[in-house]
Amino acid sequence: MILIANVWLCAACAGPSTNVPALLPDDIATERRKQETAQLRDYFAQLQRLDTVAFRIGTANRADCKEWVAAQIGLLAVTPQSLPRKYKSFSAEALNLTSTKPTVISVVDGSPAAAAGIVTGDEITAFNGEPIPLTATPRWINSFLKDNGERPIKIALRHDGVDLTRAVNPVMACAIPIELETNPVPNAFTDYKKIVIQSGILRMLRTDADLATIVGHELAHVNMGHYQKKLQNALLGEFGGALVDGGFLLGVIYAFEREADYVGAYYATRAGYDISGAEEVWRAMALEDPASIRTAKTHPTSPERFLFLRKVTEEIADKKRRILPLVPELKVIEVDAAPAATRDGNY
């Protein structure tokens, strides 16, 4: 009786009025494969752009990272087995990989790997005679470099079918991981264990210099100890009660963001990027996030950040003209604007 009632109700349901073309399952599967392949290729192309900027920022500012540094060579090699499971069925086709040897899928321009003549498509087999595993390959390489330090590495590889050995001299750089997250929201953030750049902001940034100011901003948060200072302030707020109100603490967090913009601009400049005009990032951000134009909570508004970064670039340009060290003054450059009502965000 219940089954009959359900059939009657379904027959009475409203539905489409047109006779649409049918889709064949095989056609859907073929198109899915094309889109998955294109997405994976695009992801690693964007990752190479980020890795290039991160390498330059990390090597140029390693002194500011103090003890948190590690050897790097500017190379990414993977196998289908070393990638996340969701990519395994099509990664070999998308990235021209083999399951028997790690394949180099990106080399940072100007890196030790590039200087040694290693190129995309080379198949690498050993570092100083140690076989490179086919699973967790990037993690193994990072671990090897951490233990090896700046000592030269002999990399055994196959290039265009010929077995070769390349001598690579690692360099020290800031060791905090810098990751690309597929997310259309234009944002970047750090949890002080890693830096995350979302694909939405990466696509929005027109030049690598623009990207360098964002990476520099997040690295500045880490190096300036903002996380530890926020914890200290939270404890003061908890124990101080009415003596330390929330508005004061928010004001300090707001100042941390301004300091990160300031120091990050220096980081980008030290890495060789011309950041003149980088303030345009905040006009672009205003288009994507109109709320940032007038409201703020933990971050300055986009007009403030535009004007502030322009002042910072002028300060840096003046130091370059006078051949002065590119060292932040570690003071806030005031802009005649005050934080407005409420807005959340990370960039």
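Before reading further, recall that the structure is shown in the block above.
Since the structure is predicted, the reported quantities are computational estimates derived from the model, not experimental observations.

A. Representation of the nonpolar core within the structure. Counting 58 residues, the largest nonpolar core has Phe-44 and Ile-197 as its most contacted members. With near-sequence residues (within four places) excluded, Ile-197 lies in contact with Leu-50, Ile-178, Glu-179, Leu-180, Glu-181, Asn-187, Ala-188, Leu-202, Leu-211, Ile-214 and Val-215. In terms of nonpolar packing, the next biggest core, distinct from the first, is built from 19 residues, Ala-71, Val-104, Ala-113 and Phe-144 among them.

B. Highlighting the pattern of salt bridges. Scanning all chains against the criterion turns up 14 salt bridges. With its nearest N and O atoms 3.4 Å apart, the salt bridge here joins Glu-304 to Arg-258. Taken together, the positions of Glu-304 in helix 11 (residues 302-321) and Arg-258 in helix 9 (residues 246-270) put the pair 46 residues apart, joining distant regions of the chain. Of the charged contacts, one joins Lys-319 and Glu-329 as a salt bridge, the two residues approaching to 2.7 Å between their closest N and O atoms.

C. The state of the cysteines, seen in detail. Inspection of every chain in the model, using the stated rule, returns one disulfide. At a sulfur-sulfur separation of 2.0 Å, the disulfide partner of Cys-65 is Cys-174. Across the disulfide from Cys-65 to Cys-174, rotation about the S-S bond amounts to roughly 90°, and the bridge is consequently right-handed. With Cys-65 in the loop between helix 2 (25-60) and strand 1 (69-72) and Cys-174 in strand 8 (residues 171-174), this pair connects stretches of sequence that are 109 residues apart.

D. Quick look at the sheet that holds strand 10 (residues 188-190). The strand order across the open sheet formed by three strands is 9-11-10, and the pairing between neighbours is mixed. Every other strand in the sheet has two partners, leaving strand 9 (178-181) and strand 10 as the edge strands with one partner each. Strand-to-strand, the axes of this sheet are offset by a mean angle of 20°, without reference to chain direction. Set on the sheet, helix 2 makes contact with strand 9 and strand 11 (195-198); between it and strand 9 the angle comes to about 155°. Running over the sheet, helix 7 (residues 208-223) touches strand 9, strand 10 and strand 11 and is turned about 20° from strand 10.

E. Spotlight on the side chain of Ser-292. Looking at the secondary structure, you find Ser-292 in the loop between helix 10 (280-288) and helix 11. Residue class for Ser-292 comes out buried when judged on its relative accessible area of 1%. Of the polar contacts made by the side chain of Ser-292, one reaches the backbone oxygen of Asp-289; its length is 2.7 Å.

F. Expanded view of the packing of aromatic side chains. For the structure on display, the rule yields seven aromatic pairs. Where Tyr-43 meets Phe-44, the ring centres are 5.2 Å apart and the plane angle is 90°; that geometry is what we call edge-to-face. Classification of Tyr-43 by relative accessible area gives buried; the value is 18%. Among the residues examined, Phe-44 registers a relative accessible area of 12% and is labelled buried. An aromatic cluster is defined as three or more aromatic residues linked by ring pairs; in this entry it consists of Phe-127, Trp-140 and Phe-144. Directly above the aromatic system of Tyr-273 lies the positively charged group of Arg-56, at a separation of 3.9 Å from the ring centroid.

G. Representation of the packing of helix 10 against helix 11. Contact pair helix 10 / helix 11: the axes reach a minimum separation of 8 Å and the direction vectors enclose 170°. In terms of axis orientation, helix 10 runs roughly antiparallel to helix 11. For the pair helix 10 and helix 11, the crossing hand works out as left-handed. For the pair helix 10 and helix 11, contact is made by Glu-280, Trp-282, Arg-283 and Ala-286 and by Ser-302, Arg-305, Phe-306 and Leu-309, respectively.

H. Looking closely at helix 7. In this model helix 7 runs 22 Å from its N-terminal to its C-terminal C-alpha over 16 residues, within 8% of the 22 Å that 1.5 Å per residue would give. For helix 7, a buried count of 15 out of 16 residues is recorded, marking the element as mostly surrounded by other parts of the structure.

I. Region of interest: helix 11. End to end, helix 11 covers 28 Å across 20 residues, agreeing with the expected 28 Å (1.5 Å per residue, within 8%). All buried positions along helix 11 are accounted for by Ser-302, Glu-304, Arg-305, Phe-306, Phe-308, Leu-309, Val-312, Thr-313, Glu-315, Ile-316 and Lys-319. Looking one or two residues past helix 11, Ile-323 carries a phi angle of roughly 55°, positive in sign.

J. Just the pairing of strand 2 (residues 75-78), in detail. The alternating pattern of strand 2 places Leu-75 and Ala-77 and Leu-76 and Val-78 on opposite faces, both of which are buried. Inspection of the sheet shows strand 2 paired to strand 3 (residues 103-107) by four bridges, in the antiparallel sense. Note on strand 3: the bridge partner recorded for Leu-75 is Val-107.

K. Quick look at unusual backbone geometry. The phi torsion at Asn-128 lies on the positive side, around 50°, for a residue other than glycine. Classification of Asn-128 as partly exposed rests on a relative accessible area of 37%. Here Ala-136, not a glycine, exhibits a phi torsion of approximately 50°, which is positive. One can find Ala-136 in the loop between strand 5 (130-131) and helix 5 (137-148).

The rules behind each value
Residues numbered from 1 in each chain as written. Predicted model: local features only at pLDDT ≥ 70, side-chain atom pairs only at ≥ 80, totals over all residues. Heavy atoms only, no water. Core = buried A, V, L, I, M, F, W, Y, C linked by side-chain atoms within 4.5 Å. Buried < 20%, exposed > 50% of the residue type's maximum accessible area, 1.4 Å probe, protein only. Contact = heavy atoms within 4.5 Å. Salt bridge = Lys/Arg side-chain N within 4 Å of Asp/Glu carboxyl O. Helix = DSSP H or I, 4+ residues; strand = E, 2+ residues; numbered from the N terminus. Disulfide = S-S within 2.5 Å. Pairing = 2+ DSSP bridges. Axes fitted to C-alpha atoms, helices over the stretch in contact; angles between N-to-C directions. Polar contact = N/O pair within 3.5 Å; in protein donor to acceptor, adjacent residues only side chain to side chain. Phe/Tyr/Trp six-rings, centres within 6.5 Å; stacked < 30°, edge-to-face > 60°. Lys NZ or Arg CZ within 6 Å of the ring centre and 35° of its normal. Parallel < 35°, antiparallel > 145°, perpendicular 65-115°, else oblique. Left-handed = near helix turned anticlockwise from the far one by under 90°. Expected span 1.5 Å × (residues − 1).

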